[in-house]
Every structure is written in C-alpha cells, then in structure tokens.
Amino acid sequence: MSAGGFGNSLSDRWLPLVPPDVQVPAYDRSALRIGVLHLGVGAFHRCHQAEYLDDLATMGERIGLAGISLGGSALIRTMAAQDGLYSRTLARDDESRTRIIGVLRHLTDHAASPETSLSLMADPRVGTVTMTLTEKGYCHIPATGLLDENHPGIRQDLALRLTRTVTAPGFLVAGLARRRAAGRGGLTLISCDNIPRNGTVLRNVVLGVAAQTDPAMAAWIGDHVAFPSTMVDRIVPAITVADHARIEARMGVEDAAAVLGEPFRQWVIENRFAAPRPAWERAGVEIVGDVAGHEQVKLRVLNAAHSILSLLGALRGYETTAEAVRDPDLTGFARSVLNRETLPHLPVVPGLDPAAYLQTCLDRFANRALHHRCHQIATDTSQKIRQRLLDPLRACRAAGQEAPGLETAIAGWIVYLARGQAAFGASWVIRDPVAAEAAAIARDTGANPDAFARRILSLVPVFGTDLSRDPALADRIARRTCLLIEGKAPKAVAGFDTTP
Ligand code: CS2
C-alpha cells in the first residue's frame, strides 16, 4: 500500500534527495554483512529490533539484516524494490520524527524461493535468528506451551517431511538440518513475541517438530541451539492511510513499508547465546540472567491493560485505545483490577515499581498520535488471554484471593466473541484461531449468553484443565457475561469499585 502517489519510491538512489528533517543512514550500507536473520518482517520488527541494529550500524558495527517472510508476502517484494529501505516514524501527540532505516540488506520470500532462505540458515556468518511471528505463529497450545501436533500446518510439514514447509517451527528445523549437514556451528533463535517464556515455547515447538522427523536432529539442536527468552516493548499500531500519506508527503517519496510507533522502546534478552551476536547492549538492550520477571510484569500489566481497555472499549463503541483510556470508568476499572488483583502477585524486578509502571503504560496508551484500534488488539485474544488475564487469575486463586475484576475482564472477551455472532447481532468479524469454534458454539446455543459463556470456558487449549473444569468459576463468569451482554456494560464496569 502506498498513499502518496509521488510516482517515485524510496531507494538508495533517492537517499541523497531526502529533506533535511528526515534522518538517513549515517553509515555505508554496502559495508554491512548479513549476521542476523529475521522471520516475519512486520511493522513491529521494522520499528523495534531493526531499529536497534540500525543504531549499532550508526555506531560502526557492520551487521546487516536479512528478512524472511514465510507466508508469501507482497510487501517483501515491494521492500526489495526499495533496496530494503523504509521509514520509521516515532510520534507522541503532535510531535513526530522520521528516520530511514538501512540495515535490511536482503529480503526473501520463503514460499517463492525456499532455497535462498534455507541457505541463509546455513550461512556461517549468521549467528542469530530473531522472529516476530505473532502468538499463533508458534503453533503451540496456549494453555501448555507445547507443540500442537494437530495444527494443520504442522501436520502438513510433517507429512511432507519438511521438504516444503509452511510453518515457522517446520522452517526452522529444515534450516537447522541444512546448517548441521553443512557442518556449521550453533545458532541462537530469539523469539520476540508476547508469549510467556517465549524462548521455552520456541524450544518446545522446534524440538517437537525435530523429534518427529529425526531424533538425531533433535539431539543436535539440544547441543547447538540456544533459545533465550525475551521481553520486547514498543507500541506499533497498523499504520493508518492518513498517517502513511503524511509521512510520504514529509519525505516526498513513496514508501510502501512505512511504520509508525511511539518513542518508548525496551528489549530485555536472557543471557543465553550459542553463537556470536550483535553487541546489542551498546544500543540499550538489557542482557540479563533471568528475563521472567520483566516478561511477567510487561505481559500482565501493559498487555493486560491493553486487552482490558480494548475488549471493553470495543463493547462501548470506542475505535482506539487512546479513546478508551480517556473513559474514566474504563481506566478506573483497568487500574483497579491490576492494582488489586495482578500487582500483588508479580515477581519483584529490581528497580521496577509496578504501580508506577502501570501509570506509565496508561500514559503511553493516551498518546494521541497512535490510532491503535481496539479490534487490532482484540485479534487473537485466545492466544493472548493466558499470559494477560488467566495466569494472574491463577495467582489470585493460589493465594486464596477472589478476582472479580479479572473475571469481569474474561467475561468481556466472551462478550466480544458473542457480539461477532449472528445470534447476537454480528457487530464485527472475529479474527482469532477460535473463531470457527465460537461460531459453531453460537449456532448451538443461539442467543443464550449463559450457555455461550459456559461453552467458551470449556475450551481446554485456552483455559487449561484447571479453569475449564471449575463449575463455580463458570457460574461467576457466565453471570458477568450476561450482565455485560444485556447492555449493562457501563454499570457492570463502573459498578466495580474503581478506587485504586
Ligand atoms: C498489543 C501489543 O496487539 C496487542 O496485543 O497489546 O502488540 C502491544 O502493543 C505491544 O506488546 C507493546 O509492546
């Protein structure tokens, strides 16, 4: 997509013509050598991990990036035509600044040229593969973190013995097999998705696929591949047509891969590497012994608040989180739930005050320059809810504490799912791996919110065996679902004590 219609596209040739208020790479792009591969060159990657590498290139490190798309993306071809260049704009309310990122030196579409991406996996200069696949790209069972062996893509990859892969775990095992056959050394695979213990989940799915194809390969991976867990943070909504047009007008050139995000960024990586890597610390990345605390705080506070505000915000008719966070009932509710039910059970992270962190997150959401649609955040909630709402609920249960707020938020998701069904008025389309199941449930139960809620709560891959088989919990969440769906959303939310 391009909004401007200038007729010329961003490319190396165009760089000397850049207006002075747009920052350009201050290094020789042709001197960069591919040292990092990235799977899934989406907006978040272009605005986060690629920017860190661009900082390092500016400091004189000569590490370039190769981007691989697994799913056949038109954007990859467009970006290749742009010589891998794209603009990254950081914005807060009315202020914004644009910089052109130059570290992407190679782009390839695995579906179109599998040989190229597999050879990159075996390239001795490559020591790190980072990835942003979204939660569902790991093909795992959210409740257990293990490979979903019934996943259609995994079944296909295994049936074809990884000769032509369609999933990330399948591709990684095929690439690692290539590396092993070429007699190359180890590799570090870094998940940059919002999944708890994302390194462990990645390891589970990679080893799960390897064990089913070749046990010797699984043993080699165990010895040669590291899977550090990470915490990544920057809000990068899908760019709007208006923002895209403004950025292109600022540059005077078309840029099909422009991204826009907030100024804040953070990246914490577990100190576990199997090969040489970029000196990310120089660009502010924290390399720590144990990332679990950082990750839990981020997923259970920032991402949970995001989900609460966007699910309930969508029910109240808000378009974006910046609108939802300005509703005192909703923000009061989110603040109260997190302060009372989530924060008391968070691990201690030295130097981090959870209450202050929550406030910072709410301030970040209020950024008027970000048009982060509630429906975008609500997408794939079945894959997100465990780390954001269910694990905090489990922590309350373990401590013998009631969790009416978290239960209301979970009911909020069920109502969000219901409102996508014909029986409940089909207000919007549900985009989620459980969409077909939710539709089938709604066809069975009709416009009966109590029955719909109970059937959704019985989905074991989402709720686990513990929560999905707790009748008292089902009674409470079904009751809250009915209140919310009867249009009592404002009362049900505002009626929840909002004192922090
Ligand atoms: C959001 C995240 O879409 C979502 O689920 O909660 O993408 C969020 O913006 C990032 O994790 C912020 O780091």
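Residues numbered from 1 in each chain as written. Predicted model: local features only at pLDDT ≥ 70, side-chain atom pairs only at ≥ 80, totals over all residues. Heavy atoms only, no water.

## Thoughts on the overall build of the protein
For clarity, the cut-off: Note on conventions: DSSP H or I runs of at least 4 residues are helices, E runs of at least 2 residues are strands, and numbering of each starts at the N terminus. Atoms counted for the radius of gyration: C-alpha only. Globule rule: 2.2 Å times the number of residues to the power 0.38. Contact between two residues is taken to exist if any of their heavy atoms lie within 4.5 Å; hydrogens are not considered. Working definition of accessibility: Shrake-Rupley area with a 1.4 Å probe, residue cover restricted to the visible protein chains. For the charge count, each Lys or Arg is scored as positive and each Asp or Glu as negative, with His and the chain ends excluded. For this purpose, a charge sits on NZ of Lys, CZ of Arg, CG of Asp or CD of Glu.
Within the protein, the secondary structure is distributed over 20 helices and 15 strands. In terms of C-alpha radius of gyration, the protein reaches 23 Å, essentially the compact-globule figure of 23 Å for 500 residues. Principal-axis analysis of the C-alpha atoms places the extent of the protein at approximately 60 × 55 × 45 Å. Within the protein, counting contacts between residues at least 6 apart in sequence, those at least 24 apart form 77% of the total. Carbon together with sulfur atoms contributes 52% to the accessible area of the protein, which is approximately 19000 Å² in total. Both charge centroids of the protein, one from 54 positive and one from 52 negative side chains, sit 2 Å from each other.

## Regarding the site of the ligand
Formally: Nearness of a residue to a molecule or strand requires only that one of the residue's heavy atoms be within 4 Å of it. Polar contacts, as used here, are pairs of N or O atoms within 3.5 Å; protein pairs need one atom able to donate a hydrogen and one able to accept it. Residues neighboring in sequence count only if both atoms are side-chain atoms. Note that Gly is not counted as nonpolar here; it falls among the polar residues with everything else outside the nonpolar set of Ala, Val, Leu, Ile, Met, Phe, Trp, Tyr, Cys and Pro and the charged set of Asp, Glu, Lys and Arg. The domain limits used here are those given by an automatic or database domain assignment.
Residues in close proximity to the ligand total 13 residues, the closest being N194, D233, K298, H306 and K384. Between an oxygen atom of the ligand and a side-chain N or O atom of N194, the distance comes to 2.8 Å. R234 places a main-chain nitrogen or oxygen 3.0 Å from an oxygen atom of the ligand. Relative to its free-state accessible area of 350 Å², the ligand is covered by the protein chains to the extent of 88%. Only β12 (230–233), α10 (292–315) and α15 (381–398) provide two or more residues apiece to the shell around the ligand. The element that contributes the greatest number of residues to the shell around the ligand is α10, accounting for four residues. Tallied by class, the residues present in the shell around the ligand amount to four nonpolar, four polar and five charged. Formed jointly, the shell around the ligand draws a minimum of three residues from each of two domains, domain 1 (12–288) and domain 2 (292–494).

## Describing the packing of aromatic side chains
Put simply, the test is: Put simply, two rings from Phe, Tyr or Trp (the six-membered ring, in Trp's case) pair if the centres are within 6.5 Å, and we call them stacked under 30 degrees between planes, edge-to-face over 60, tilted for the rest. Summary of the burial criterion: residues with accessible area below 20% of their type's maximum are buried, those above 50% are exposed, and those between are partly exposed, where the area comes from a 1.4 Å probe applied to protein chains only. Charge-over-ring placement is defined geometrically: NZ (Lys) or CZ (Arg) within 6 Å of the ring centre, and within 35 degrees of the ring normal.
In total, this model carries six aromatic pairs according to the counting rule given. When the ring of W413 is compared with that of F463, the centres are 6.2 Å apart and the planes differ by 40°; the resulting orientation is tilted. Linking W413 in helix α16 (residues 404–418) with F463 in helix α19 (residues 460–468), this pair joins segments that are 50 residues apart in sequence. The same class applies to W413 as to F463, namely buried. In this structure an aromatic cluster arises from ring pairing among Y52, W267, F273 and W280. Residue placement shows R265 over the ring face of Y52; its charged tip is 3.7 Å from the ring centre. Positioned over the ring face of F273 is R277, at 4.5 Å from the centre of the ring.

## Quick word on the sheet that holds strand β15 (residues 286–288)
Strand-to-strand pairing in sheets goes through backbone hydrogen bonds, with the strands running parallel or antiparallel. We count it as follows: By the convention used here, strands pair only if DSSP detects at least 2 bridges between them. Between N-to-C directions, angles span 0 to 180 degrees; the directions come from axes that are lines fitted to C-alpha atoms, helices contributing only their stretch in contact.
Taken in spatial order, the three strands line up as β12-β14-β15 in an open sheet, and their pairing is mixed. Lying at the two open borders of the sheet, with one neighbouring strand each, are β12 and β15. Each adjacent strand pair in this sheet contributes to an overall mean axis angle of 15°, direction not counted. Across four bridges, the pairing between β12 and strand β14 (residues 266–270) is antiparallel. Its bridge partner lying in β14, T230 is registered against I269.

## Observations concerning the domain arrangement of the protein
Going by this rule: We define buried area as the total accessible area lost by two parts upon association, computed with a 1.4 Å probe and summed across both. Any carboxyl oxygen of Asp or Glu within 4 Å of a side-chain nitrogen of Lys or Arg constitutes a salt bridge here.
The domains assigned to the protein are domain 1 (12–288) and domain 2 (292–494). Summarising the inter-unit geometry, the C-alpha centres of domain 1 and domain 2 are found 29 Å apart. With 36 residues of domain 1 at the interface, the matching set in domain 2 holds 32 residues. Counting the surface lost from both domain 1 and domain 2, the interface buries some 2800 Å², and carbon and sulfur atoms represent 53% of this. Where domain 1 meets domain 2, there are five salt bridges. Across the pair R364 and D233 runs a salt bridge, and its minimum N-O distance is 2.9 Å. For the side of domain 1 that touches domain 2, the secondary-structure elements that each account for two or more residues are β4 (86–92), β8 (140–141), β12, β13 (259–261) and β15. Among the elements that make up the side of domain 1 that touches domain 2, the one with the highest residue count is β12 (four residues). Residues belonging to the side of domain 1 that touches domain 2 are distributed by class as follows: 16 nonpolar, nine polar and 11 charged.

## Some thoughts on the side chain of N194
Checked against the element boundaries, N194 lands in the loop between β10 (187–191) and α7 (198–213). For N194, the side chain forms a polar contact with the side chain of K298, separated by 2.8 Å. Discounting residues that sit within four places of it in the chain, N194 has contacts with E135, V232, K298, L299, N303, Q387 and R388.

## A few points about the nonpolar core
In globular proteins that are soluble, nonpolar side chains generally tend to be buried together. The test is simple: To form a nonpolar core, buried Ala, Val, Leu, Ile, Met, Phe, Trp, Tyr and Cys residues must be joined to one another through side-chain atoms within 4.5 Å.
By size, the foremost hydrophobic cluster in this structure holds 81 residues, and its most contacted members are I100, F365, I410, W413, F452, I456 and F463. Tallying contributions element by element places α10 first for this core, with 11 residues. Mapped onto the domain boundaries, this core takes at least three residues apiece from domain 1 (12–288) and domain 2 (292–494). Those residues in contact with W413 that sit more than four places away from it in its chain are L311, T381, S382, I385, D432, V434, I456, V462 and F463. Of all hydrophobic cores here, the second largest spans 40 residues; its members include M121, V126, L133 and I154.

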